[in-house]
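Secondary and tertiary structure notes
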There are 2 protein chains.
Amino acid sequence: MKDLKSINRLIDSYARLPSVGRKSAERMAYATLNMDEETIKEFSDALLDVKKKIKQCPQCGLYMEDDGCEICKDTTRDHSTIIVLSYAKDAYNFEKLNSYHGVYHVLNGVISAIKGVGVEDLNIASLIKRVSEEGIKEVIIATDPTIEGETTALYIAKLLEEKNVTVTRLAYGLPMGGHIDYADSMTIMKALEGRKKI
Amino acid sequence: MKDLKSINRLIDSYARLPSVGRKSAERMAYATLNMDEETIKEFSDALLDVKKKIKQCPQCGLYMEDDGCEICKDTTRDHSTIIVLSYAKDAYNFEKLNSYHGVYHVLNGVISAIKGVGVEDLNIASLIKRVSEEGIKEVIIATDPTIEGETTALYIAKLLEEKNVTVTRLAYGLPMGGHIDYADSMTIMKALEGRKKI
């Protein structure tokens, strides 16, 4: 019973998902056994389909299906403002706001000595090219507030120094709805540094 | 971008898994995009395979593949002692102990008025039949310590009253490694009722 190969194989697959430990993967596998055949077929097809149909836009790097990039082809958006992201999925967090109407550029990672990711592994050259050729007015760098994200942001800002473009970075500070008591000291320091007149 | 059908479809599938909310399902779907094709194929196949290959043993109800039930066909086990489970997956918790050498019987649920599960929906008749015909000496009822689990246990105990068999129930009490401080009063009451001489 410990060696039901087909269950173990499915557990292995579930365990590869982010934040899914062995125990959760087991629960998922047993839940799968209780699903009807149609639901499982749908799941299995969805897995194969997503890899086949989803591409990254050759221009900005966002996810798109065969009908092209929704953001790039939208002429009502402000194509002179670019948010620079480490990962395509991060764009959803900005789109949800319904208040950003510019476009995006996805780096596909951050500069990381540890992971061996260098400048040439990221979509940085294409960003510089877009800034030079497309009349970009502002580049908003939205890499994560981590050492690697910071390094990447500073590197890009440096490259864009001589271009006629405003380069900005998302503000750091206390997360809304949080308590000062729970904030780490690095965040409090950043909040202090970035204090504003009221 | 909010309407990438193939991603949304996969998110829907992930969200059907136990304890997976919308946000986790999204993270899983994006992680899937970063998997290589072979890993996804393997995952997709494992899903289809598990439903096709895993059956419940017609005798005891445990999961088995085509080669039959490991527990039922194991002649070194004690076939006169049966643990009665609500769900097949619960057997793993006993097998892990490496100290139980009897066999099992899976009810496939509990008696539940709310969910409309009646006595005839569970594998109770087949349990009574096994007890009558297979020379069972002890039936250990291991349904969950919930109202429904209790009801089911008592119902089965009642049915077995006139048979020449010992019917037992797992002990209730404080979980090992826990603190009395954190235990609910129902658990403490059961621990008190079940106290033993030391």
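**Observations concerning helix α3 (residues 37-53) of chain B**
In an α-helix, one turn spans 3.6 residues, which is why side chains three or four residues apart end up on the same side. In this model α3(B) runs 24 Å from its N-terminal to its C-terminal C-alpha over 17 residues, within 8% of the 24 Å that 1.5 Å per residue would give. Buried residues of α3(B): T39(B), I40(B), F43(B), S44(B), A46(B), L47(B), D49(B) and V50(B), and no others. Here the buried face of α3(B) lies against α1 (5-15), α2 (22-33) and α3 (37-53) of chain A together with α1 (5-15) and α2 (22-33) of chain B.

**A short note on the sheet that holds strand β4 (residues 103-106) of chain B**
Two modes of strand pairing occur in sheets, parallel and antiparallel, and in both the strands are linked by backbone hydrogen bonds. All names here are of chain B. An order of β4-β3-β5-β6 is seen for the four strands of this open sheet, with the pairing classed as parallel. Of all strands in the sheet, those bounded by a partner on one side alone are β4 and β6 (166-169). Strand-to-strand twist in this sheet, taken as the mean axis angle between neighbours without regard to direction, amounts to 25°. Across four bridges, strand β5 (residues 138-141) lies against β6 in parallel orientation. What sits directly across from I140, in β6, is T168. Each of β3 (81-85), β4 and β5 touches helix α5 (residues 125-133); the most contacted strand, β4, lies at about 150° to it.

**Looking at the layout of surface pockets**
Volume-wise, the largest pocket comes out at about 690 Å³. Together, 28 residues line the largest pocket, and Y63(A), K89(A), D90(A), Y92(A) and Y30(B) are the ones closest to its centre. Breaking the lining of the largest pocket down by element, the ones donating at least two residues are β1 (55-56) and α4 (91-95) of chain A together with α1 and α2 of chain B. Top element by residues in the lining of the largest pocket is α2(B). It accounts for seven residues. In the lining of the largest pocket, the residues fall into 13 nonpolar, five polar and 10 charged.

**Some points on the environment of K55(A)**
All names here are of chain A. Mapped onto the secondary structure, K55 falls in strand β1. Remark: the alpha-carbon pair of K55 and D66, spanning 11 residues in sequence, is separated by 7.9 Å. Among the polar contacts made by the side chain of K55, one reaches the main-chain carbonyl oxygen of K52 at a distance of 2.7 Å.

**So, the pattern of salt bridges**
All names here are of chain A. Tallying each qualifying case throughout the model produces 22 salt bridges over all chains. Linking K41 and D45 is a salt bridge whose minimum nitrogen-to-oxygen distance equals 3.1 Å. You can see K41 and its partner D45 sitting in helix α3, four residues apart, about one turn around the helix. On the basis of relative accessibility, which here comes to 26%, the residue D45 falls in the partly exposed class.

**What about the sheet that holds strand β6 (residues 166-169) of chain A?**
All names here are of chain A. Taken in spatial order, the four strands line up as β4-β3-β5-β6 in an open sheet, and their pairing is parallel. The strands lining the two open edges of the sheet, one partner per strand, are β4 (103-106) and β6. Mean inter-strand twist for the sheet, computed between neighbouring axes without regard to direction, equals 25°. Its contacts with the sheet put helix α5 (residues 125-133) on β3 (81-85), β4 and β5 (138-141), and the angle it makes with β4 is roughly 150°. Across the sheet, helix α6 (residues 147-159) is in contact with β3, β5 and β6; its angle to β6 comes to roughly 170°.

**Structural notes on a nonpolar patch on the surface**
Residue and element names in this part refer to chain A. Residues L174, I180 and I188 make up a contiguous nonpolar surface patch of about 250 Å² in total accessible area. Here I188 shows up in helix α7 (residues 185-193). Classification of I188 by relative accessible area gives partly exposed; the value is 33%.

Calculation criteria
- Residues numbered from 1 in each chain as written.
- Chains lettered and ligands numbered in written order.
- Predicted model: local features only at pLDDT ≥ 70, side-chain atom pairs only at ≥ 80, totals over all residues.
- Heavy atoms only, no water.
- Helix = DSSP H or I, 4+ residues; strand = E, 2+ residues; numbered from the N terminus.
- Expected span 1.5 Å × (residues − 1).
- Buried < 20%, exposed > 50% of the residue type's maximum accessible area, 1.4 Å probe, protein only.
- Contact = heavy atoms within 4.5 Å.
- Pairing = 2+ DSSP bridges.
- Axes fitted to C-alpha atoms, helices over the stretch in contact; angles between N-to-C directions.
- 1 Å grid on protein atoms, 1.4 Å probe; cavity = no way out; pocket = protein on both sides within 12 Å on 5 of 7 lines; lining within 4 Å.
- Points joined across faces, edges and corners; volume = space filled by probe spheres on them.
- Nonpolar A, V, L, I, M, F, W, Y, C, P; charged D, E, K, R; others polar.
- Polar contact = N/O pair within 3.5 Å; in protein donor to acceptor, adjacent residues only side chain to side chain.
- Salt bridge = Lys/Arg side-chain N within 4 Å of Asp/Glu carboxyl O.
- Patch = residues over 30% accessible without salt bridge, like charges linked within 9 Å, V, L, I, M, F, W, Y side chains within 5 Å.
- Areas by Shrake-Rupley, 256 points an atom, 1.4 Å probe, with all protein chains shown as cover.

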